[in-house]
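These are the residues of each chain, in order.
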Amino acid sequence: MNKTSKIISQVRSEGRKALLETEAKTICAEYDIPVTAFKLAKNEKEAVEFAGQIGFPVVLKIVSPDIIHKSDAGGVMVNLKNAAEVRGAYGKVLENAKKYDAAAEIVGVLVQEMAPQSTEVIVGAIKDLQFGQTLMFGLGGIFVELLKDVTFRIAPITREEAEEMIKEVKAYPLLTGYRNTLQADIDAIVTILVNTSKLVMDYPEIKELDLNPIMAYEKGAKTVDARIILE
Ligand code: ADP
Ligand code: MG
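Fair warning: this is a prediction, and the values are worked out from it, not measured in the lab.

Digging into the overall build of the protein chain
Consideration 1: Secondary structure assignment for the protein chain yields 7 helices and 10 strands.
Consideration 2: Over its C-alpha trace the protein chain gives a radius of gyration of 18 Å, about what one expects of a compact globule, namely 17 Å for 231 residues.
Consideration 3: Seen through its C-alpha atoms, the protein chain measures out along the principal axes to roughly 45 × 45 × 30 Å.
Consideration 4: Expressed as a percentage of the 231 residues in the protein chain, the buried residues total 48%.
Consideration 5: Relative to all contacts within the protein chain whose residues are 6 or more apart in sequence, the contacts with residues 24 or more apart total 61%.
Consideration 6: Summed over all atoms, the accessible surface of the protein chain reaches about 11,100 Å², with 54% contributed by carbon and sulfur.
Consideration 7: On the protein chain, the mean spot of the 28 positive side-chain charges and the mean spot of the 33 negative ones are 3 Å from each other.

Structure, rendered in structure tokens:
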């Protein structure tokens, strides 16, 4: 678990509490939580080069310790299909970030694999004052934000408990091939929940964790955005 400890102490030494998406996803990957392939570009030429390596279409995202909600800042551009689109988006993402916060420190632009659209789920963890590390599960979009259709368990959780969490939400039928929805790989989501549980138990200094969204597929699942906040 070397990378995780190194990243957390580095973030602390810089006096930061919020990890960058690159840092959060590196930690996730170390805990076998599947994430989109990504590379941090420092200039436009690198962005185009990395896009070619990752394979089109790609997504470009602003990486800044001062911008936590990237899309609010116009810092996310999806479905870039060729080098010309990547060049255009590179400038746009930086320009939007400057408009949003002229003083924002820019680390670079993240080039990542575009995960195909699918049913979105959310896995979270919060450190409750009384109960300690607590895991959350819900379906993406309106289900969590509007309907508060979520379920919680105190960590650590077993695979059985993770499965219960998934089956407990009202929107669960949307993961079972109901009508024209796909039959999601529940086992892959269980693994993400259990590995997230392990991560927050290993690192009690994690105050909040948010894998939002995770694309759930018929085979496997992929974390598209990861946020980790330290105490
Ligand atoms: P933030 O939550 O900081 O605004 P996200 O990284 O979640 O930024 O990006 C916003 C939205 O863009 C996501 O909810 C998702 O719908 C889409 N998105 C982001 N990255 C990808 C990706 N790699 N593949 C597919 N869709 C993506
Ligand atoms: Mg997000």
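A few points about the coordination of the magnesium ion (ligand 2)
Consideration 1: The protein atoms that coordinate the magnesium ion (ligand 2) are Asn212 (O) and Asp225 (OD), at distances spanning 2.2 to 2.6 Å. With asparagine 212 in strand S8 (residues 206–216) and aspartate 225 in the loop between strand S9 (221–223) and strand S10 (226–230), this pair connects stretches of sequence that are 13 residues apart.

Some words on the pattern of salt bridges
Consideration 1: The final tally for this structure, using the stated rule, is 17 salt bridges.
Consideration 2: Between lysine 198 and aspartate 202 there is a salt bridge, with the nearest N and O atoms lying 3.1 Å from each other. Placement of the pair is lysine 198 and aspartate 202 together in helix H7 (residues 186–202), with a separation of 4 residues, close to one helical turn.
Consideration 3: For lysine 198, a relative accessible area of 44% corresponds to the partly exposed category.

Things to note about helix H6 (residues 159–168)
Consideration 1: By the burial criterion, the buried members of H6 are Ala162, Met165 and Ile166. Along H6, the residues classed as buried sweep out an arc of 95 degrees about the axis, all on the same side.
Consideration 2: Tucked into the core, H6 has its buried residues touching strand S6 (132–139), strand S7 (150–154) and H7.

Regarding the site of ligand 1
Consideration 1: Every one of the 18 residues lining ligand 1 counts as a neighbour, but Lys61, Ser71, Gln112, Glu113 and Ala115 are closest to it.
Consideration 2: Aspartate 225 is positioned such that a nitrogen or oxygen atom in its side chain is 2.9 Å from an oxygen atom of ligand 1.
Consideration 3: The contact in question runs from an oxygen atom of ligand 1 to an N or O atom on the side chain of arginine 227, over 3.5 Å.
Consideration 4: Coverage of ligand 1 by the protein chains reaches 84% of its 530 Å² of free accessible surface.
Consideration 5: Within the residue set of the shell around ligand 1, elements represented by two or more residues are strand S2 (58–63), strand S3 (76–80), strand S4 (108–113) and S8.
Consideration 6: Counted by class, the shell around ligand 1 contains 8 nonpolar, 5 polar and 5 charged residues.

Let's talk about the sheet that holds S4
Consideration 1: Spatially, 4 strands are ordered S1-S4-S2-S3 in an open sheet, and the strand pairing comes out antiparallel. For this open sheet the edge positions go to strand S1 (38–41) and S3, each flanked by a neighbour on one side alone. Put simply, the sheet's adjacent strands are angled 20 degrees from each other on average, direction ignored.
Consideration 2: Pairing analysis gives 3 bridges linking S2 to S3, with the strands arranged antiparallel. If you follow leucine 60 over to S3, its bridge partner there is methionine 77.
Consideration 3: Packed onto the sheet, helix H3 (residues 44–54) meets S1, S2 and S4 and runs at close to 170 degrees relative to S1.
Consideration 4: Against the sheet, helix H4 (residues 83–100) makes contact with S1, S2, S3 and S4, and its axis sits at roughly 25 degrees relative to S2, the strand it touches most.

Parameters at a glance
- Residues numbered from 1 in each chain as written.
- Chains lettered and ligands numbered in written order.
- Predicted model: local features only at pLDDT ≥ 70, side-chain atom pairs only at ≥ 80, totals over all residues.
- Heavy atoms only, no water.
- Helix = DSSP H or I, 4+ residues; strand = E, 2+ residues; numbered from the N terminus.
- Rg over C-alpha atoms; globule rule 2.2 N^0.38 Å.
- Buried < 20%, exposed > 50% of the residue type's maximum accessible area, 1.4 Å probe, protein only.
- Contact = heavy atoms within 4.5 Å.
- Areas by Shrake-Rupley, 256 points an atom, 1.4 Å probe, with all protein chains shown as cover.
- Lys, Arg positive; Asp, Glu negative; His and termini not counted.
- Charge placed at Lys NZ, Arg CZ, Asp CG, Glu CD.
- Donors = N, O, S within 2.8 Å, 3.2 Å for Na, K, Ca; no water.
- Salt bridge = Lys/Arg side-chain N within 4 Å of Asp/Glu carboxyl O.
- Arc of directions from axis to C-beta.
- Near = heavy atom within 4 Å.
- Polar contact = N/O pair within 3.5 Å; in protein donor to acceptor, adjacent residues only side chain to side chain.
- Nonpolar A, V, L, I, M, F, W, Y, C, P; charged D, E, K, R; others polar.
- Pairing = 2+ DSSP bridges.
- Axes fitted to C-alpha atoms, helices over the stretch in contact; angles between N-to-C directions.

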